[in-house]
Amino acid sequence: MIQPQTMLKVADNSGAKIIQCFKVLGGSKRRYARIGDIVVAAVKEAEPRKIVKTHEVVRAVIIRQKQPYGRKDGTYIRFDENAAVILDAKTKIPKGGRIFGPVPRELREKGFDKLAGMAKELV
């Protein structure tokens, strides 16, 4: 469950390290984001001389969450951290060239084929 003010680890090599969610996209009354949802976030910590800078406003897709996520087959999946991947302005293409850590297969079902293809490990 990702909501406004949640700090997220960035799981790509775009340059950002930590982002803070301030809006969950998908309707005016939408409170929480789950795996595969897009959020608007501010970059709080970034590496120097990279694509993304500190204080930049970005869109990101949630790829890992601590809250257990129920799958259609009745099983649950959960991760040790809340993590996201920074996306290009209006497309669903990641800004970075690599993705670190495991990625759930639900992302491919939600239309993030490019992101799922870049991941080393689909869970």
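Rules used in this analysis
Within any chain, residue numbers begin from 1 and follow the written order of that chain's sequence. Reporting in this predicted model follows two pLDDT cut-offs: at least 70 for local features of residues, and 80 or more for side-chain atom pairs to be given and counted; totals over whole chains, interfaces and linings ignore these cut-offs and use all residues. Working from all heavy atoms in the structure, the side-chain values ignore hydrogens and water. The helix count covers DSSP runs of H or I at least four residues long, the strand count covers runs of E at least two residues long, and both are numbered beginning at the N terminus. The cut-offs for exposure are 20% and 50% of the maximum accessible area for each residue type, with area from a 1.4 Å probe on protein chains only; residues under the lower value are buried, those over the upper are exposed, and the others partly exposed. Working definition: a ring pair exists when centres of Phe, Tyr or Trp rings (six-membered ring for Trp) sit within 6.5 Å. Plane angles under 30 degrees give stacked, over 60 give edge-to-face, the rest tilted. Whether a charge sits over a ring depends on NZ of Lys or CZ of Arg being within 6 Å of the ring centre and within 35 degrees of the ring normal. By definition here, a salt bridge exists when the distance from a side-chain nitrogen of Lys or Arg to a carboxyl oxygen of Asp or Glu is within 4 Å. Note on terminology: a nonpolar core comprises buried Ala, Val, Leu, Ile, Met, Phe, Trp, Tyr and Cys residues joined through side-chain atoms within 4.5 Å. Working rule for contacts: check all heavy atoms of both residues, and any pair within 4.5 Å makes them a contact. Here, strands pair whenever DSSP counts at least two bridges between them. For every element, the axis is a line fit to its C-alpha atoms; helices are fit only across the contacting stretch, and the angle between N-to-C directions ranges from 0 to 180 degrees. Contacts described as polar in this section are N or O atom pairs within 3.5 Å, which, within protein, must combine one atom able to donate a hydrogen with one able to accept it, while residues neighboring in sequence count only if both atoms come from side chains.

J.: Can you help me understand unusual backbone geometry in this one?
T.: Note on backbone geometry: most residues besides glycine have negative phi, and most peptide bonds are trans. Not every positive phi belongs to a glycine, and Arg-49 is a case in point at roughly 60 degrees. By the element assignment, Arg-49 lies in the loop between strand S3 (38-46) and strand S4 (57-64). You can call Arg-49 exposed: its relative accessible area is 76%. Even without being glycine, His-55 reaches a positive phi, approximately 70 degrees. Mapped onto the secondary structure, His-55 falls in the loop between S3 and S4. Residue class for His-55 comes out exposed when judged on its relative accessible area of 68%.

J.: Would you mind going over the packing of aromatic side chains with me for this structure?
T.: The relation between two aromatic rings is expressed through the spacing of the ring centres and the mutual angle of the planes. Summed over all chains, the structure comprises zero aromatic pairs. Above the plane of the ring of Phe-112 lies Lys-92, whose end atom (NZ or CZ) is 5.0 Å from the centre.

J.: What is the right way to look at the pattern of salt bridges in this model?
T.: Opposite charge on two side chains allows them to pair when their charged atoms are near. Counting across every chain of the model gives eight salt bridges. Of the charged contacts in the structure, one is a salt bridge between Glu-81 and Lys-9, with a shortest N-O distance of 3.6 Å. With Glu-81 in the loop between strand S6 (76-77) and strand S7 (83-87) and Lys-9 in strand S1 (residues 7-10), this residue pair connects regions lying 72 residues apart in the sequence. Given the relative accessible area of 24%, Glu-81 is considered partly exposed. Put simply, Arg-71 and Glu-106 hold a salt bridge, and the shortest N to O gap is 2.7 Å. One end of the pair, Arg-71, is in the loop between strand S5 (69-70) and S6; the other, Glu-106, is in helix H1 (residues 106-109), with 35 residues separating them in the sequence. Here the residues in one salt-bridge network are Lys-9, Arg-64 and Glu-81, joined through shared partners.

J.: What is the right way to look at the nonpolar core in this model?
T.: For soluble globular proteins, the rule of thumb is that nonpolar side chains tend to be buried together. Counting residues in each nonpolar core, the largest one holds 17 residues, and the members touching the most others are Leu-8, Ala-16, Ile-19, Val-39, Ile-62 and Ile-86. For this core, the secondary-structure elements that each account for two or more residues are S1, strand S2 (16-24), S3, S4 and S7. The element that contributes the greatest number of residues to this core is S2, accounting for four residues. If we ignore the near neighbours within four places in the chain, the residues touching Ala-16 are Val-10, Val-43, Glu-45, Ala-46, Val-52 and Ile-86. Counting 16 residues, the second largest nonpolar core, distinct from the first, contains Ala-11, Ile-63, Phe-79 and Leu-115.

J.: What is the right way to look at the sheet that holds S7 in this model?
T.: Backbone-to-backbone hydrogen bonds join strands into a sheet, with any given pair of strands oriented parallel or antiparallel. One closed barrel accounts for five strands, arranged S1-S2-S3-S4-S7; its pairing is mixed. Across the sheet, the mean angle separating the axes of adjacent strands is 55 degrees when strand polarity is ignored.

J.: Sorry, what's going on with the side chain of Asp-37 here?
T.: Structurally, Asp-37 is set in the loop between S2 and S3. Among the polar contacts made by the side chain of Asp-37, one reaches the side chain of Arg-30 at a distance of 2.6 Å. If we ignore the near neighbours within four places in the chain, the residues touching Asp-37 are Arg-30, Tyr-32, Ala-60, Val-61, Ile-62 and Lys-110.

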